[in-house]
2 protein chains.
Amino acid sequence: MIEVLKQHITNRLGNDLDNLDMVLSSFKHIKTKRNQHLLQQSDVCKYVYFVAKGCLQVYVYDKDFNETTRDIIIEDNWCSELLSFGSGKPALENIRTVEPCELFAIDRPTFQKLMETVPQFDKVYKQILEASYANSVYRINTFVSLTALDRIKWLMEYRPMLMTRLSSKLIASYLGINKDVFSRLKAKL
Amino acid sequence: MIEVLKQHITNRLGNDLDNLDMVLSSFKHIKTKRNQHLLQQSDVCKYVYFVAKGCLQVYVYDKDFNETTRDIIIEDNWCSELLSFGSGKPALENIRTVEPCELFAIDRPTFQKLMETVPQFDKVYKQILEASYANSVYRINTFVSLTALDRIKWLMEYRPMLMTRLSSKLIASYLGINKDVFSRLKAKL
DNA sequence: CTAAAACATAGACTTTTGTCATCATTCACG
DNA sequence: CGTGAATGATGACAAAAGTCTATGTTTTAG
């Protein structure tokens, strides 16, 4: 399973990385059940996770304690609450597993040591941050003005696997619409 | 007016910066009228702007050519289309002045030279990126699930000056609601 | 200073979205 | 592999948001 991470890293940093094994051994391999908490808001986010298998949900609670899902992360992607991880301040978001997962986790001291010893790895944090930012900007620009129906169409076009893989409840909270409305509109497509 | 920028930088990097004048002289002072385009989507974003006076709007067009405003930037803040600026790829967003402005602009080659010669300045890009990211995450988590009325209340609580300073049309496009609805709901507060 | 354009508000109406209750189905887990 | 809890679909209704028109006001650019 570490192969997935190995592949991911060489795709980005090239395979002329002679200390690749050292990099890989800096990660802790974690297997989880579904519905397991990796981070609770107000705790400090200690890890950056690489998802080798499974699916994570990043979410907050609104004033009525409904979940609002900011992001869904599937295989071959990074997941963290970067602002807490980077600053050591309490996290504002929660992270949980949606499915049984295989993750590779790296804590902050190890991450920083890696950045110092492996020059190319220095780019990784910036890359993760930039990708996360791009993702957020995109989500604001598309979603804030879209109707419920258009949000569903967007999901079917750009992340179709989520439609089949996740529960309606979760998708609805990701799209920011009511689950009954989602059910109704989906039937009319 | 350069004082505003000077203050901003010393607040962040400390005032033990002996080449501060060199840093400041790397910026180009720009005065603009209102309603002036600083960036059009599909062009490459060449500058990072520091807003010393005035107000900028970052926006996209939806499929019906309505503007959706992702961000409003006022004095003492940075503004750019970072993803385009950083990568050299075409910008996905537009930036325009909402009021007559005084800006300090820095282009990418100068920015990079600064990062190499002034070690502390290296943090600036990361800081701007992190602040932008935090802003976006916050906006998603609050806005996606809020009703029109709650969005207005949010604005009145956290960015009250925008309520008096901007046109209803612009505020509505920032909040992601219809301008008529905004007018109606505002009257009922 | 003035004419034209842009803006703000309001009413009437339509469409969309949310809520609640019910029932059928599926799926996780012992 | 069976069962209880979670999920998904649907109808009826309520509430919220969007649309369009009209009218009076404010801005702005020449």
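Please refer to the structure placed before this passage.
Residues numbered from 1 in each chain as written. Chains lettered and ligands numbered in written order. Predicted model: local features only at pLDDT ≥ 70, side-chain atom pairs only at ≥ 80, totals over all residues. Heavy atoms only, no water.

(A) Representation of the relation of the copies chain A and chain B within the structure. The transform that puts chain A on chain B rotates by 180° and translates by 0.0 Å along the axis, for an RMSD of 0.0 Å. Those values place the two copies in the arrangement expected of a two-fold rotation axis. When C-alpha distances to the rotation axis are compared across chain A, the minimum falls at Tyr133 of chain A, with a value of 2.6 Å. Interface overlap between copies is the fraction of interface residues in one copy that are interface residues in the other; for chain A against chain B it reaches 100%, indicating a shared surface. (Least-squares fit on C-alpha atoms with pLDDT ≥ 70 in both. Contact = heavy atoms within 4.5 Å.)

(B) Representation of the pairing of strand β3 (residues 47-53) of chain A within the structure. Residue and element names in this part refer to chain A. Within β3, 5 of the 7 residues are buried, which leaves the element mostly enclosed by the surrounding structure. Summarising the sheet, β3 and strand β8 (residues 101-107) pair through 6 bridges and their orientation is antiparallel. By the bridge assignment for β8, Lys53 is matched with Glu102. Taken together, the 3 bridges between β3 and strand β6 (residues 77-79) define a ladder with antiparallel strand orientation. Looking at the pairing, Val51 lines up with Asn77 of β6. (Buried < 20%, exposed > 50% of the residue type's maximum accessible area, 1.4 Å probe, protein only. Helix = DSSP H or I, 4+ residues; strand = E, 2+ residues; numbered from the N terminus. Pairing = 2+ DSSP bridges.)

(C) Seen up close, helix α1 (residues 2-13) of chain B. Residues and elements named next belong to chain B. Between its first and last C-alpha atoms α1 spans 16 Å; for 12 residues at 1.5 Å apiece the expected length is 16 Å, and the two agree. As for α1, its buried residues are in contact with α2 (20-25), β3 (47-53), β6 (77-79), β8 (101-107) and α5 (122-143). Among the residues trailing α1, Gly14 stands out with phi positive, at a value near 80°. (Expected span 1.5 Å × (residues − 1).)

(D) Main features of the environment of Val23 of chain A. All names here are of chain A. Checked against the element boundaries, Val23 lands in helix α2 (residues 20-25). A relative accessible area of 0% places Val23 in the buried class. Along the sequence, Val23 and Thr117 sit 94 residues apart, while their C-alpha atoms lie 9.7 Å from each other.

(E) Geometry of the interface of chain A and chain B. Between chain A and chain B, the contact holds 26 residues from the first and 26 residues from the second. Of all residues in chain A, Tyr133, Ile140 and Val144 of chain A bury the most surface against chain B, accounting for 26% of the area lost on that side. Where chain A meets chain B, there are 2 salt bridges. Where chain A meets chain B, there are 8 residue pairs in polar contact (both at pLDDT 80 or more). For the side of chain A that touches chain B, the secondary-structure elements that each account for two or more residues are β5 (67-74), α3 (82-87), α5 (122-143) and α6 (148-158) of chain A. Of the residues forming the side of chain A that touches chain B, the biggest block, 12 residues, is contributed by α5 of chain A. Of the residues belonging to the side of chain A that touches chain B, the class tally is 11 nonpolar, 6 polar and 9 charged. (Buried area = accessible area lost by both parts, 1.4 Å probe. Salt bridge = Lys/Arg side-chain N within 4 Å of Asp/Glu carboxyl O. Polar contact = N/O pair within 3.5 Å; in protein donor to acceptor, adjacent residues only side chain to side chain. Nonpolar A, V, L, I, M, F, W, Y, C, P; charged D, E, K, R; others polar.)

(F) Looking closely at the sheet that holds β6 of chain B. Residue and element names in this part refer to chain B. What the 4 strands build is an open sheet, ordered β1-β8-β3-β6; its pairing is antiparallel. Each having just a single partner strand, β1 (28-32) and β6 make up the two edges of the open sheet. Mean inter-strand twist for the sheet, computed between neighbouring axes without regard to direction, equals 35°. The pairing of β1 with β8 spans 5 bridges and is classified as antiparallel. Its bridge partner lying in β8, Thr32 is registered against Cys101. (Axes fitted to C-alpha atoms, helices over the stretch in contact; angles between N-to-C directions.)

(G) Seen up close, the protein's contact with DNA strand C. Lining the immediate surroundings of DNA strand C are 15 residues, of which Thr147, Ala148, Asp180 and Arg184 of chain A together with Ser168 of chain B lie closest. Counting only atoms of DNA strand C within 4 Å of the protein, the fraction found in sugar and phosphate groups is 54%. In this structure, Arg184 of chain A approaches DNA strand C through a side-chain N or O atom, which is 3.0 Å from a base oxygen. Arg184 of chain B is positioned such that a nitrogen or oxygen atom in its side chain is 3.3 Å from a base nitrogen of DNA strand C. When residues of the surface near DNA strand C are traced back to their parent elements, those giving at least two are α9 (179-187) of chain A together with α8 (168-175) and α9 (179-187) of chain B. (Near = heavy atom within 4 Å.)

(H) Region of interest: the nonpolar core. Core analysis: the largest hydrophobic core is formed by 80 residues, its most contacted members being Leu5, Leu56 and Phe121 of chain A together with Leu5, Leu56 and Phe121 of chain B. In contact with Leu56 of chain B, not counting residues within four places along its chain, are Leu38, Val51, Asp71, Ile72, Ile73, Cys79, Ile95, Arg96, Thr97, Val98, Cys101 and Leu103 of chain B. (Core = buried A, V, L, I, M, F, W, Y, C linked by side-chain atoms within 4.5 Å.)

(I) Representation of the packing of aromatic side chains within the structure. What the rule picks out here adds up to 22 aromatic pairs over all chains. On the basis of an interplanar angle of 85° and a centroid distance of 5.5 Å, the ring pair of Tyr59 of chain B and Tyr61 of chain B is categorised as edge-to-face. Overall, the relative accessible area of 37% leaves Tyr61 of chain B in the partly exposed class. Through a chain of ring-to-ring contacts, three or more aromatic side chains come together here, namely Tyr138, Phe143, Trp154, Tyr158 and Tyr174 of chain A. Just above the ring of Phe143 of chain A sits the side chain of Arg139 of chain A; from NZ or CZ to the centre is 4.9 Å. (Phe/Tyr/Trp six-rings, centres within 6.5 Å; stacked < 30°, edge-to-face > 60°. Lys NZ or Arg CZ within 6 Å of the ring centre and 35° of its normal.)

(J) Examining the protein's contact with DNA strand D more closely. The full set close to DNA strand D counts 15 residues, and Ser168 and Ser183 of chain A together with Ala148, Asp180 and Arg184 of chain B are the nearest of them. Atoms of DNA strand D within 4 Å of the protein belong to the sugar or the phosphate in 59% of instances, the rest to bases. Note that a phosphate oxygen of DNA strand D is positioned 3.4 Å from one of the backbone N or O atoms of Lys169 of chain A. Secondary structure elements with two or more residues in the surface near DNA strand D: α8 (168-175) and α9 of chain A together with α9 of chain B. The dominant element in the surface near DNA strand D, judged by the number of residues it contributes, is α9 of chain A, at 5 residues. In terms of residue class, the surface near DNA strand D is built from 3 nonpolar, 5 polar and 7 charged.

(K) Local environment of the pattern of salt bridges. Summed over all chains, the structure comprises 16 salt bridges over all chains. Put simply, Glu99 of chain A and Arg165 of chain A hold a salt bridge, and the shortest N to O gap is 2.8 Å. One end of the pair, Glu99 of chain A, is in the loop between β7 (94-97) and β8; the other, Arg165 of chain A, is in helix α7 (residues 160-165), and 66 residues separate them in sequence. A salt bridge links Lys63 of chain B to Asp64 of chain B, with the nearest nitrogen and oxygen atoms 3.9 Å apart. Taken individually, Lys63 of chain B and Asp64 of chain B each receive the classification exposed, so the pair is uniform in this respect. It is possible to trace a salt-bridge network through shared partners that takes in Lys63 and Asp64 of chain A together with Asp150 of chain B.

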